[in-house]
Amino acid sequence: MDKEQALHQFWSSFGLTAYDENTVPDNALTVNGGKYLTYNVATASLDEPTPLYANLWYKSSSWDEITVKANEIAGAIGRGGAIVSFDGGKIWICRGTPFSQRMPDDDDTIRRIYINVMAEYLSAD
């Protein structure tokens, strides 16, 4: 598994369909029961902290369920970060600052929370 696949595995581990932000189908909300996650992909080498982010997308009139999911992700990362392995190394993912923030959408039935993390790729390449 390479770095990109490891990122996909990490973001897919939260019970939502996860899409690289560059490959989201137009009908993602419909085919995923009104909720999914998108994430960016950026890689680096040792001693190169890299900002990453994800977006939670929920079709809802309430912030309750999406906030619970954001808190679940925060808990999984924890204060010390989460380690994700790939062939040739590991990715240390830590909470960014701010960790999460609510974002507006033109559609008032869409709730989005932006998740901010920092990654350090513990590998030579």
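Structural data are supplied above this passage.
Residues numbered from 1 in each chain as written. Predicted model: local features only at pLDDT ≥ 70, side-chain atom pairs only at ≥ 80, totals over all residues. Heavy atoms only, no water.

1. Here's the deal with the sheet that holds strand β6 (residues 110-122)
Across the sheet, six strands lie side by side as β1-β2-β3-β6-β5-β4; this open sheet has mixed pairing. Looking at strand neighbours, the two that pair on one side only are β1 (18-20) and β4 (82-86), the edges of this open sheet. The sheet shows a mean angle of 30 degrees between the axes of neighbouring strands, taken without regard to direction. Relative to strand β3 (residues 50-59), strand β2 (residues 35-39) is paired through five bridges, and the arrangement is antiparallel. Within β3, the position partnered with T38 by the bridge is N55. Here helix α1 (residues 3-12) sits on the sheet and contacts β1, β2, β3, β4, β5 (89-103) and β6; the angle it forms with β4, its principal contact strand, is near 135 degrees. Where helix α3 (residues 64-77) meets the sheet, its contacts fall on β2, β3, β4, β5 and β6, and the angle it forms with β5 comes to roughly 150 degrees. (Pairing = 2+ DSSP bridges. Helix = DSSP H or I, 4+ residues; strand = E, 2+ residues; numbered from the N terminus. Axes fitted to C-alpha atoms, helices over the stretch in contact; angles between N-to-C directions. Contact = heavy atoms within 4.5 Å.)

2. Brief notes about the side chain of N40
Structurally, N40 can be placed in the loop between β2 and β3. The exposure class assigned to N40 is buried, which follows from its relative accessible area of 8%. There is a polar contact of 2.7 Å between the side chain of N40 and the backbone nitrogen of Y53. In contact with N40, not counting residues within four places along its chain, are E21, P51, L52 and Y53. (Buried < 20%, exposed > 50% of the residue type's maximum accessible area, 1.4 Å probe, protein only. Polar contact = N/O pair within 3.5 Å; in protein donor to acceptor, adjacent residues only side chain to side chain.)

3. Some words on the nonpolar core
In terms of nonpolar packing, the biggest core is built from 30 residues, with W11, L37, L56, I91, I93 and I115 touching the most fellow members. Among the elements of the structure, α1, β2, β3, α3, β4, β5 and β6 are those that each provide at least two residues to this core. Those residues in contact with L56, other than ones at most four positions away along the chain, are L16, Y36, L37, I66, K69, A70, I73, R111, R112, I113 and I115. Counting residues in each nonpolar core, the second largest holds five residues, with Y19, Y36, W57 and I110 among its members. (Core = buried A, V, L, I, M, F, W, Y, C linked by side-chain atoms within 4.5 Å.)

4. Concerning α3
Compared with the 20 Å implied by 1.5 Å per residue over 14 residues, the 20 Å span of α3 between its first and last C-alpha is a close match. Taken as a whole, α3 has its buried residues at I66, K69, A70, I73, A74 and I77. Projection of α3 onto a plane perpendicular to its axis shows the buried side chains occupying an angular sector of 140 degrees, all on one side. Opposite its buried face, α3 presents the exposed residues D64, V68, N71 and G75, each directed more than 90 degrees away. Looking at the packing, one finds that the buried side of α3 touches α1, β2, β3, β4, β5 and β6. Of the residues flanking the end of α3, it is G78, one or two places downstream, whose phi is positive at about 70 degrees. (Expected span 1.5 Å × (residues − 1). Arc of directions from axis to C-beta.)

5. So, the packing of aromatic side chains
Scanning the model with the defined rule gives six aromatic pairs in all. Ring geometry for Y19 and Y36: centres 5.7 Å apart, planes at 80 degrees, overall edge-to-face. Taken together, the residues span a long stretch of sequence, with Y19 in strand β1 and Y36 in strand β2 at a distance of 17 residues. Residue Y19 is classed as buried on the basis of its relative accessible area of 14%. Aromatic pair Y36 and W57: ring centres 6.1 Å apart, planes at 15 degrees, arrangement stacked. Here W57 lies in strand β3 and Y36 lies in strand β2, a separation of 21 residues in the sequence. Judged on exposure class, the residue Y36 and its partner W57 are both buried. (Phe/Tyr/Trp six-rings, centres within 6.5 Å; stacked < 30°, edge-to-face > 60°.)

On their own, these measurements won't tell you what the molecule is for.
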